[in-house]
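Coordinates in review
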Amino acid sequence: MSAPARLTVGKKMLPEREFIAGFHAIGEERYHHKHPFHLLMHEGKLTRGQLQAWALNRYYYQSHIPMKDSVILAHSEDPAFRLAWRKRVIDHDGDGKKPGGIEKWLRLVEATGLRREQALQGDGILPATRFAVEAYVNFVSTHPLLESVASSLTELFSKKLITLRVDRLREHYPWLAGGLDYFDARMTQAPEDAEFALAWVVENAHSREDQEKAYAALRAKCDILWAQLDALYFAYVEPGWPPPGAFRPEA
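Residues numbered from 1 in each chain as written. Predicted model: local features only at pLDDT ≥ 70, side-chain atom pairs only at ≥ 80, totals over all residues. Heavy atoms only, no water.

As for the nonpolar core
Among soluble globular proteins, nonpolar side chains are generally buried collectively. One finds Phe 19, Phe 23, Trp 54, Trp 105, Val 149, Phe 183 and Val 201 to be the most contacted residues of the largest nonpolar core, which totals 73 residues. Aside from chain neighbours lying at most four places away, what touches Phe 23 is Leu 153, Leu 156, Phe 157, Leu 198, Val 201, Ala 214, Tyr 215 and Leu 218. (Core = buried A, V, L, I, M, F, W, Y, C linked by side-chain atoms within 4.5 Å. Buried < 20%, exposed > 50% of the residue type's maximum accessible area, 1.4 Å probe, protein only. Contact = heavy atoms within 4.5 Å.)

Brief notes about the pattern of salt bridges
Working definition: two side chains of opposite charge can pair if their charged atoms are close together. Summed over the entire model, instances satisfying the criterion amount to 18 salt bridges. Notably, a salt bridge pairs Glu 117 with Arg 115, separated by 3.7 Å at the nearest N-O pair. With relative accessibility at 35%, the residue Glu 117 sits in the partly exposed group. Put simply, Lys 213 and Glu 209 hold a salt bridge, and the shortest N to O gap is 3.1 Å. Here the residue Lys 213 and the residue Glu 209 both occupy positions in helix 12 (residues 208-236), the gap between them amounting to four residues, near one helical turn. Since its relative accessible area comes to 26%, Glu 209 is described here as partly exposed. (Salt bridge = Lys/Arg side-chain N within 4 Å of Asp/Glu carboxyl O. Helix = DSSP H or I, 4+ residues; strand = E, 2+ residues; numbered from the N terminus.)

What to know about the packing of aromatic side chains
Taken as a whole, this structure holds 16 aromatic pairs when the rule is applied. Arranged with centres 6.3 Å apart and planes meeting at 55 degrees, the rings of Trp 85 and Phe 196 form a pair that is tilted. Taken as a pair, Trp 85 in helix 5 (residues 79-93) and Phe 196 in helix 11 (residues 181-204) lie far apart in primary sequence, 111 residues in all. Among the residues examined, Trp 85 registers a relative accessible area of 0% and is labelled buried. Here the aromatic rings of Phe 234 and Trp 241 are separated by 5.8 Å at their centres, their planes lie at 85 degrees, and the arrangement is edge-to-face. With relative accessibility at 58%, the residue Trp 241 sits in the exposed group. Three or more aromatic residues joined by ring pairs make a cluster, and in this case those are Trp 54, Trp 105, Tyr 182 and Phe 183. Above the ring of Trp 175, the side-chain terminus of Arg 48 is found at 3.8 Å from the ring centroid. Sitting over the ring of Tyr 60, Arg 130 keeps its end group 5.3 Å from the ring centre. (Phe/Tyr/Trp six-rings, centres within 6.5 Å; stacked < 30°, edge-to-face > 60°. Lys NZ or Arg CZ within 6 Å of the ring centre and 35° of its normal.)

Written out as structure tokens, the structure reads:
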């Protein structure tokens, strides 16, 4: 018997309002809005090189989001769910006429002063970034659909962070202005996606064990996001030790 099963045996399901509140409590405690790297960014204390490292490594994450969502699509037998979820893939890949989130993030990479080819090739990505991103794809590949969908619920908290981030980037790093379209789009996309995912998780969690597994999935996703920033902070802020083969900002 798994740990969540042992802990929830005999326990009643949480009421819907309490269940939903639990996700928000996890976000307040664990979401990466409190990470020191983000705090430095919002205070205007990052150098161009540190922002380049962030944009470059974050691109690797962004480029894998539609892969992750395609895995989730493949795990669902419900056409209505697939119809709603495939919007996420289009949002990131584009529709052949309008650029998606991946293209917009490449423009952000270029706004920092790097070449888009460097991001596309993964040249200089931190090893920890690769491990974390691939761990996320592996998570949705090996866990039930309920947990995979619940792991996406970091989007419940992203609009607030994105709004703050865009304001601070425009204020402190005006030279990035031409590369911020990604965030403008996500301020509407993320809340829409989160609303659907949360309603689906609430409807499809049929036991207290299911509810606890959904919480654990969200914690795991928060850990993955936090780990990526830990690696950036260690390599480019303090102590400032990028590993062999990693991107090194110009002096």
